[in-house]
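Architecture and fold: a report
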Amino acid sequence: MLAIKPYRPLEGKRLALVIGSGAVKCAAALGLWKVLSQAGIEIDLLVGCSGGSLFAATMALGMDVDECIEKTQRLWNRKVTEKRDMTSLLRAALPRVFNFNERFGMIDDQAMVQNLRSVFGEQTFEDTRTPLYVVATDFHSGEQLVLSKGRLVDALRASISIPFIWPPWPVDDRLLIDGSASNPMPVDVAIKDGVEIILAMGFESSYPRSVSSISRFAFHVNSIMTNNLLKANFAFHNLAHHAEIIAIIPEFEQPVGLFDTSKFPYVIEQGERAMQEQLPYLNRLLAAESSQVK
Amino acid sequence: MTTGIDQKRVAMVIGSGGVKCAAALGLWKTLQQAEIGVSMAVGSSGGSLYAAVIALGYDIQVAQSMTIDFWTSDLMEGYTSNLRAALSGEERFTEFSGLINDQQVYERLANVFGQHTFADTHCPLYIVSTDLYSGESVVHSAGPIIDAVRASIAIPMIFPPWQAGGRWLVDGAVSDPLPIDVAIKEGGETIVAMGFELPIRSRMHSYAAVTGHFNSIYMNNILKATFAFHNLAHHAEVIAILPEFERDIWSFDSNMIPYVIEEGTRAAEKELPYIRRLLTIG
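Not measured: the values here are computed from a predicted model.

Each helix and strand in chain A was counted, giving 11 helices and eight strands. Taken over 294 residues, chain A has a buried fraction of 58%. A separation of at least 24 residues holds for 76% of the contacts in chain A among residues at least 6 apart in sequence. Carbon and sulfur atoms make up 49% of the accessible area of chain A, which amounts to about 12,600 Å² in all.

It is worth spelling out the overall build of chain B at this point. Helix and strand content of chain B: nine helices and eight strands. The C-alpha atoms of chain B give a radius of gyration of 18 Å, which matches the 19 Å a tight globule of 282 residues would have. Considering chain B as a whole, with its 282 residues, one finds that 59% of them fall into the buried category. At a minimum sequence separation of 6, the contacts of chain B that also span at least 24 residues come to 76%. Just so you have it, chain B exposes about 11,600 Å², and 48% of that area is on carbon and sulfur atoms. Taken together, the 18 basic and 30 acidic charged side chains of chain B have centroids lying 5 Å from each other.

Here the focus is the pattern of salt bridges. Residues and elements named next belong to chain A. Tallying each qualifying case throughout the model produces 16 salt bridges over all chains. For Lys263, the salt bridge is made with Asp260, and the minimal N-O distance between the two is 3.4 Å. We classify Lys263 as buried; its relative accessible area is 18%. Residues joined by salt bridges that share partners form a network here, namely Glu122, Arg151 and Asp154.

Chain A puts 45 residues into the contact, and the matching count from chain B is 46 residues. Between chain A and chain B, the buried area comes to about 3,800 Å², and carbon and sulfur atoms account for 71% of it. Across the chain A-chain B interface, the total number found is zero salt bridges. Here chain A is connected to chain B by nine residue pairs in polar contact (both at pLDDT 80 or more). Secondary-structure elements contributing two or more residues to the side of chain A that touches chain B are α5 (86–93), β3 (132–138) and α10 (214–240) of chain A.

Once that is clear, we can look at the nonpolar core. Counting 175 residues, the largest nonpolar core has Leu36, Phe120, Trp166, Leu199 and Leu282 of chain A together with Phe113 of chain B as the members making the most contacts within it. Residues contacting Leu199 of chain A, with those up to four places away along its chain left out, are Leu15, Ala16, Leu17, Val18, Leu32, Leu36, Ile246, Ile248, Met275 and Leu282 of chain A. Membership of the second largest hydrophobic core comes to 17 residues, among which are Leu45, Met185, Ala190 and Ile198 of chain A.

All names here are of chain A. Judged by how many residues are buried, strand β2 (residues 45–49) sits mostly within the fold: five of five residues are covered. Across four bridges, strand β1 (residues 15–19) lies against β2 in parallel orientation. Within the sheet, the bridge partner assigned to Val18 lies in β2 and is Val47. Where the polypeptide runs from β1 across helix α1 (residues 28–38) and back to β2, its parallel neighbour, the crossover connection is right-handed. Judged from the four bridges that link them, β2 and β3 form a sheet pairing that is parallel. Note on β3: the bridge partner recorded for Leu46 is Leu132.

The relative placement of two packed helices is expressed as an angle between their axes plus a distance between the axes. Residue and element names in this part refer to chain B. Interaxial distance between helix α3 (residues 60–70) and helix α5 (residues 103–113) falls to 11 Å at its minimum, and their mutual angle equals 170 degrees. One finds that α3 runs roughly antiparallel with respect to α5. Between α3 and α5, the residues in contact are Met66, Asp69 and Phe70 and Val105, Arg108, Leu109 and Val112, respectively. Among the residues forming the contact of α3 with α5, the class breakdown is five nonpolar, no polar and two charged.

Before going further, it helps to examine unusual backbone geometry. Apart from glycine, the bulk of residues carry a negative phi angle, and the bulk of peptide bonds sit in the trans form. Even without being a glycine, Asp172 of chain A presents a positive backbone phi close to 50 degrees. Looking at the secondary structure, you find Asp172 of chain A in the loop between β5 (169–171) and β6 (174–178). Although it is not a glycine, Ser45 of chain B adopts a positive phi angle of roughly 55 degrees. Of note, Ser45 of chain B is situated in the loop between β2 (37–44) and α2 (46–55).

Analysis parameters
- Residues numbered from 1 in each chain as written.
- Chains lettered and ligands numbered in written order.
- Predicted model: local features only at pLDDT ≥ 70, side-chain atom pairs only at ≥ 80, totals over all residues.
- Heavy atoms only, no water.
- Helix = DSSP H or I, 4+ residues; strand = E, 2+ residues; numbered from the N terminus.
- Buried < 20%, exposed > 50% of the residue type's maximum accessible area, 1.4 Å probe, protein only.
- Contact = heavy atoms within 4.5 Å.
- Areas by Shrake-Rupley, 256 points an atom, 1.4 Å probe, with all protein chains shown as cover.
- Rg over C-alpha atoms; globule rule 2.2 N^0.38 Å.
- Lys, Arg positive; Asp, Glu negative; His and termini not counted.
- Charge placed at Lys NZ, Arg CZ, Asp CG, Glu CD.
- Salt bridge = Lys/Arg side-chain N within 4 Å of Asp/Glu carboxyl O.
- Buried area = accessible area lost by both parts, 1.4 Å probe.
- Polar contact = N/O pair within 3.5 Å; in protein donor to acceptor, adjacent residues only side chain to side chain.
- Core = buried A, V, L, I, M, F, W, Y, C linked by side-chain atoms within 4.5 Å.
- Pairing = 2+ DSSP bridges.
- Right-handed = clockwise from strand over helix to strand, strands pointing away.
- Axes fitted to C-alpha atoms, helices over the stretch in contact; angles between N-to-C directions.
- Parallel < 35°, antiparallel > 145°, perpendicular 65-115°, else oblique.
- Nonpolar A, V, L, I, M, F, W, Y, C, P; charged D, E, K, R; others polar.

Read these as layout, nothing more, since geometry by itself doesn't imply function.
In C-alpha cells:
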C-alpha cells in the first residue's frame, strides 16, 4: 500500500532552500539560485538564518538574480561597519557610569537599519511571492524563534544581530539576536513545513588568524561554538528526518572575512560551482515518481 | 547473558556546569550505596574535576571538602580591573589571555591532583577540552591529570587557555558540554550522564555578563543538539540525569555546594531503579 501524505501537491515535489549563517559567504546562495533559474527549477520555500536571511528575503520577494545581487550589495558593504558604537564601548568600559545594558554591540547599527529600510521598506512577510521563514534567537531564553509575520526589516535586523557586533533587536515583546546562536543552518524549519526536497546551504565560520583584543577573543569563541552547533544540529536532523536533504557547502580557497564584501563575485561563483555539482542529483530527485517516496 | 557483580558497573559522564557539577558527588554516593561500580569516568569543563576525583577513587568526604575549598569567590580576584584594562586597550588581550590570574587555580588543582597521571586511576578516565584554533574537541587520556583538567575548565576569557601536548586548549563545553560520545566510543554499555544547563540571566549590567550570557546560550544549544544526536544515533543505554535546582546557582558559589550535592543525590535516586533494572537484565 502506498502511503501518500495529503499535503503533497499533485504537480510534484516541493523544494526548499535553506540558507545558513555565514555573513558575506551567504552570497553564495545567489550563485546557487542562478544555476536553478537556468535549469528552470523553482523554489517553493525559503528559510534564512543570520546573513542567509538577507538573501532568502530578496529571493522570496521575487527579484531576479541580477536585482538580488544589486540589492544585497547595497545592504552589506563597508559603510555599514565603519562606524563604531562609541556609547556601547564606553558603557562596556565603565558600566556604572554609562548604565550598561544588554543591548550592546560594537558597531553602530544605524547604517544597517537604513540600508534594510531602503531595500525592504515597509514590506511584510505577506508580500513575499515565495513563503519565507527567518530564524532568530530569543536573547533571554536562548531558544530558536521562527519569524513568518510582520515587517521584513524587523525580522532581518533581528536575525543578523551578530553577538558583540550588532545589538539585539526587539520584535513584539521579545528581544532577539542572531539565529546562529540557536540554529545556524535551520533545515528543521523546512522539514516541519513538510517539503520533500531540501537544499541546505551552510557555511563554517572562519577564525581570525590572531586575536588582539578581548572582543575578538569573544568573537572567536562564538565562531567555534557556532560551528559546533552547526555540526551537531545537522547531524541530528539528517539522521532523524526522512526528507531528502542535499547539503551544499561551497568551498572557499580565498579567505572571506566577515565584512569582505569585495569578495561578492568570487563568493557567488563558488556558490554556483557547488550547486552545479549537485544539479544532476537534484534533477534525479525531482524527476523520480512521487509514488516511490514513501 | 551472564549477570553478576562484575557487570554492575556504569560509565559516568559529567557535563559542564561550574559549581553545579558537584552534584556528581551526590550521584556517585548513590551509586556506591547501591553497590554499583564505575567502569569509566568522562568529564567536560567543571565536570572534569569530578570525573578525575571519581576515577582516582578519592573518599567522598574528602572530595566534598576539596570542592568547597576549590570554588571560592577569591578565584575571581582582579577580574573587574583586568576587564576594564582589556576593554580600554590599556592591557593587550590576546588569544593566550584571561581576565584572572590563573596561578591560584593552578595551585588549587595541584592540591587536589598533585602529580597524578591518567595511569594512576582505578578506572579509565577521559577528559574533554577544545582546540582553540580548530574548535574541535580533544579527548585527554594520558599524561598529568592537572593539565587535562586545567585545559578543560578554561572558561573563555576568564581563565587563559592552556597548552598541553603542543596544542592550545580551552573549555570542553565549547565543543562537547556533555561528552556521551566519548563513553560510547570507549565501549560504555550503560551510561549515566549528568548534565546541566547553564544559568540564564534576566538583566545584564556589564560586558562580562553579556559575554557570559552568549556563552550560556551557545553551550546550552550545543548541549541539546549533541545530546539529541547521541541519543538517536547510538544503541548504548544512556540514562540522562539532569538535576533541578530551584535556587539560582552561579559560579564560585561555594556555600551552595551541600545543596547542590543533595540535589544530585535526589536526581540520582529517582533513576536508580531503572539503572538497577538495566544492570540485572544485562
